[in-house]
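An overview of the molecular structure
Read off the chains here:
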Amino acid sequence: MKKTRILSLIMVLAMVFALTAATATSAAAADDVYELKFSSSQVEGTWLGDLIDEYGQMVDEATDGRVKLTIFHNNALGAPADLWTMLTQGGLEILNLGIAQAGEFPITDIVQTPFLLTTPDTAGEIMWQLLEEGKLPEFTDNMHVLTFLPTDMQMFATVDDKLETIDDFKGLKIRANSGQLITAIEALGATAVPITTTEVFMSLSQGVIDGAISSPSAMTAFTWQDVCHYLYALPICTGMNYIGVNLDTWNSLPEDLQEALDTVSREFYDIYMEKNNAAQQESIDTMVEAGVEFVEFDDATVEAIKEATGSMLDDLAESLNDAGFDGTDLVAEAREIVANSQFEQ
């Protein structure tokens, strides 16, 4: 009997010690501060660079100072391909980059297919829905997505050649930064030239290329208005940027911090989209004020351009099928979202 009491006492004491240790560990975890390196592709001092800085402040406030971001703008930590490797292999905690800059994102090419949609808001709808349904392994296999950042709608800009009909594209050299845009340019009879964003201005000014596709906010960030004479009022597609966390880093964070980061990142998405939409018109105004002519194609030319590129989405579906994805279902879902989107009405 005495022996039984002693064993019971030992078990009670063991439980008390275990509970005390767990409580101490939880308290220590609650006090831990996570300092994370954040590489951003945005240019410091631009509206989007400033907004990324604001995001860092939002994260600090949302986590009561327990997550602090050290932000490096303009890919200061390395070339995009190197940054992608750093993120996926653990040398970098958080990355903001465009999908055209590094990595492979075949499913996301859906929202970069010309003339599927007319607003970045719709592109965001597609991305969030596919993510929530577990249909974006190109992201989830490599990171935890904090937010998507669809660019303002991409458009054509040219230096000296004014485009008025589809025939005017023939023989021109036009910069593109994604596989879908390269295909579209070639379908229009022009030659696609892949050039990184930072090299476009020099290429335009030296005649290496005759024009380029990008978003108006990117154009003004890199002062294309100083070299281009024409901007075309035809929304082509959106580019897709993201903010993602290294998976090991994400899994090391306490659950309450994960929830806080997800919540504040969706709040940031809403702030970003509002400013992004305003920035598109402001950037167009900036270019026009600098002397760039804002050209509207006639209906016949718009229809001819869309007809020339009209098979691209179905071609992408087949390509995704061949790669082992359900491309037919993914493209059908994207089309359904566009058809029902409040932003496309």
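Now for a quick tour of the structure. Since this is a predicted model, take the numbers as computed values, not measurements. (Residues numbered from 1 in each chain as written. Predicted model: local features only at pLDDT ≥ 70, side-chain atom pairs only at ≥ 80, totals over all residues. Heavy atoms only, no water.)

Let's shift gears to the pattern of salt bridges. According to the stated counting rule, one finds 12 salt bridges in the structure shown. Counted as one network, the salt bridges with shared partners bring together Glu-133, Lys-135, Asp-329 and Glu-333. (Salt bridge = Lys/Arg side-chain N within 4 Å of Asp/Glu carboxyl O.)

Moving on: a negative patch on the surface. A contiguous patch of negative charge on the surface is contributed by Glu-164, Asp-298, Asp-299, Glu-303 and Glu-307. Among the structural elements, Glu-307 can be located in helix H11 (residues 299-308). (Patch = residues over 30% accessible without salt bridge, like charges linked within 9 Å, V, L, I, M, F, W, Y side chains within 5 Å. Areas by Shrake-Rupley, 256 points an atom, 1.4 Å probe, with all protein chains shown as cover. Lys, Arg positive; Asp, Glu negative; His and termini not counted. Charge placed at Lys NZ, Arg CZ, Asp CG, Glu CD. Helix = DSSP H or I, 4+ residues; strand = E, 2+ residues; numbered from the N terminus.)

Time to look at the nonpolar core. Residues Ile-110, Ile-126, Phe-139, Phe-148, Tyr-242, Ile-243 and Phe-268 are the most contacted members of the largest nonpolar core, which totals 62 residues. No other element matches the seven residues that helix H10 (residues 255-289) contributes to this core. Phe-169, Ala-190, Leu-234 and Val-302 belong to the second largest nonpolar core, which has 21 residues in total. (Core = buried A, V, L, I, M, F, W, Y, C linked by side-chain atoms within 4.5 Å. Buried < 20%, exposed > 50% of the residue type's maximum accessible area, 1.4 Å probe, protein only.)

Moving on, we get to the environment of Ile-182. If you trace the backbone, Ile-182 turns up in helix H6 (residues 179-187). Sequence separation of Ile-182 and Ala-102 is 80 residues, and the distance between their C-alpha atoms is 16 Å. Excluding residues that lie within four positions of it along the chain, Ile-182 makes contacts with Ala-176, Ala-192 and Pro-194. (Contact = heavy atoms within 4.5 Å.)

Put simply, helix H2 (residues 47-62) and H10 touch, their axes get as near as 10 Å, and they point 155° apart. Viewed along their axes, H2 and H10 adopt a mutual orientation that is roughly antiparallel. Here H2 and H10 pass one another in a crossing that is right-handed. On H10, the residues touching Trp-47, Leu-48, Leu-51, Ile-52, Glu-54, Tyr-55, Met-58, Val-59 and Ala-62 of H2 are Ala-260, Leu-261, Val-264, Ser-265, Glu-267, Phe-268, Ile-271, Tyr-272, Lys-275, Asn-276 and Ala-279. (Axes fitted to C-alpha atoms, helices over the stretch in contact; angles between N-to-C directions. Parallel < 35°, antiparallel > 145°, perpendicular 65-115°, else oblique. Left-handed = near helix turned anticlockwise from the far one by under 90°.)

Its 35 residues place the ends of H10 50 Å apart at the C-alpha level, agreeing with the 51 Å of an ideal helix rising 1.5 Å per residue. One or two steps after H10, the chain reaches Gly-291, where phi turns positive at roughly 105°. (Expected span 1.5 Å × (residues − 1).)

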